[in-house]
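The primary structure of each chain is shown beneath.
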Amino acid sequence: ITQAAQEFLGLYEEPKGFDYFNEMLIVKFDRQLELSVAIHPLDFSVVGFRDDSLVQRGKKAVKSEAEMKKIAEGQLEKLPSSYRSQLRYGGVTKLYQGTSQFFWYRYIGEIAFLQERFEVEVDPVKGEIVYWMAHNFFYPAEAITVNPAFSKEVAQEAANMYMNAESTDEEPMLTIIKNYPVWLVKIKKLYPLFVGLDATDGRIIFTGGLKGELPEDYSYNSAEVVETSLIQDIYGGEY
């Protein structure tokens, strides 16, 4: 892991430490500002990089958003075509240090993944790529269930009952985590929060903030419902 990071950066000092993020290993080097490389734990390929010394702080932006997006797309083009072909552009966020971060999300049909995406951060002064990350694709498309076993209305009611909460104006959204569909239901208790329900069996997998990112204005919830035998038994009074 260390050797892969050293070779990518062209330096041979020992790292100051390691971190772990979304099943990727992060090799960190001793700098005042972060210098790190993300390594895939199975094949030791480089899947990400950050060098915060490339941010031109306190200087006037030169690059437009369109120019920075083109720079980010250049990094996208370096990815394997099998990975790149599953991505769809999902928006840009301007960060506190003046850089812009561009996102591409993995999709199957119209369903976006919550945790599987590609992102690039670009500095607006010199157009340097400060950061990029190709998040791991956990399962191939053919091994993923995409149809929920119950409707968005049932998901909303289940989330309300579980949290003893009220509905909000936002309808449930359908996403994919690893290899199964998940209903994301926004409810209101003391404050708005999300409930994530496994859309194949109804179990609650998290509550609180989203455990990942989704595209701007994403709201998809109209996938065909295909009841599993478990859900049919529940409806039939077996459970």
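Whatever comes next refers back to the structure up there.
Summary of the structure given here. (Residues numbered from 1 in each chain as written. Predicted model: local features only at pLDDT ≥ 70, side-chain atom pairs only at ≥ 80, totals over all residues. Heavy atoms only, no water.)

On to the packing of aromatic side chains, then. Evaluation of the coordinates by the stated rule reveals seven aromatic pairs. With a centroid separation of 6.0 Å and an interplanar angle of 45°, the aromatic rings of Trp104 and Phe118 are classed as tilted. Of the two residues, Trp104 is situated in strand 6 (residues 100-108) and Phe118 in strand 7 (residues 111-122); the sequence distance between them amounts to 14 residues. Given a relative accessible area of 5%, Trp104 falls into the buried group. Accessibility expressed as a relative area gives 0% for Phe118, which makes it buried. Ring centres 6.4 Å apart and planes at 75° place the aromatic pair Tyr107 and Tyr218 in the edge-to-face group. Separated by 111 residues along the polypeptide, Tyr107 in strand 6 and Tyr218 in the loop between strand 13 (204-208) and helix 5 (229-235) bring together distant segments of the chain. Every member of this aromatic cluster is reached through a ring pair, and the members are Tyr89, Trp104, Phe118 and Trp132. Positioned above the aromatic ring of Phe137 is the side chain of Arg106, whose terminal nitrogen or guanidinium carbon lies 4.4 Å from the ring centre. Its guanidinium or amino end placed over the ring of Tyr180, Arg203 lies 5.5 Å from that ring's centre, counting from NZ or CZ. (Phe/Tyr/Trp six-rings, centres within 6.5 Å; stacked < 30°, edge-to-face > 60°. Helix = DSSP H or I, 4+ residues; strand = E, 2+ residues; numbered from the N terminus. Buried < 20%, exposed > 50% of the residue type's maximum accessible area, 1.4 Å probe, protein only. Lys NZ or Arg CZ within 6 Å of the ring centre and 35° of its normal.)

Our next topic: the nonpolar core. The biggest cluster of nonpolar side chains holds 35 residues, and the ones touching the most others in it are Trp183, Leu184, Val185, Ile187, Leu214 and Tyr218. Contributions of two or more residues to this core are made by strand 6, strand 7, helix 4 (152-163), strand 10 (173-177), strand 11 (180-188) and strand 12 (192-198). Of the residues forming this core, the biggest block, six residues, is contributed by strand 11. Every residue in contact with Leu214, bar those within four places of it in the chain, is listed here: Tyr105, Ala112, Phe113, Leu114, Met173, Thr175 and Leu184. Formed by 25 residues, the second largest nonpolar core is a distinct cluster that contains Leu35, Val37, Leu87 and Trp132. (Core = buried A, V, L, I, M, F, W, Y, C linked by side-chain atoms within 4.5 Å. Contact = heavy atoms within 4.5 Å.)

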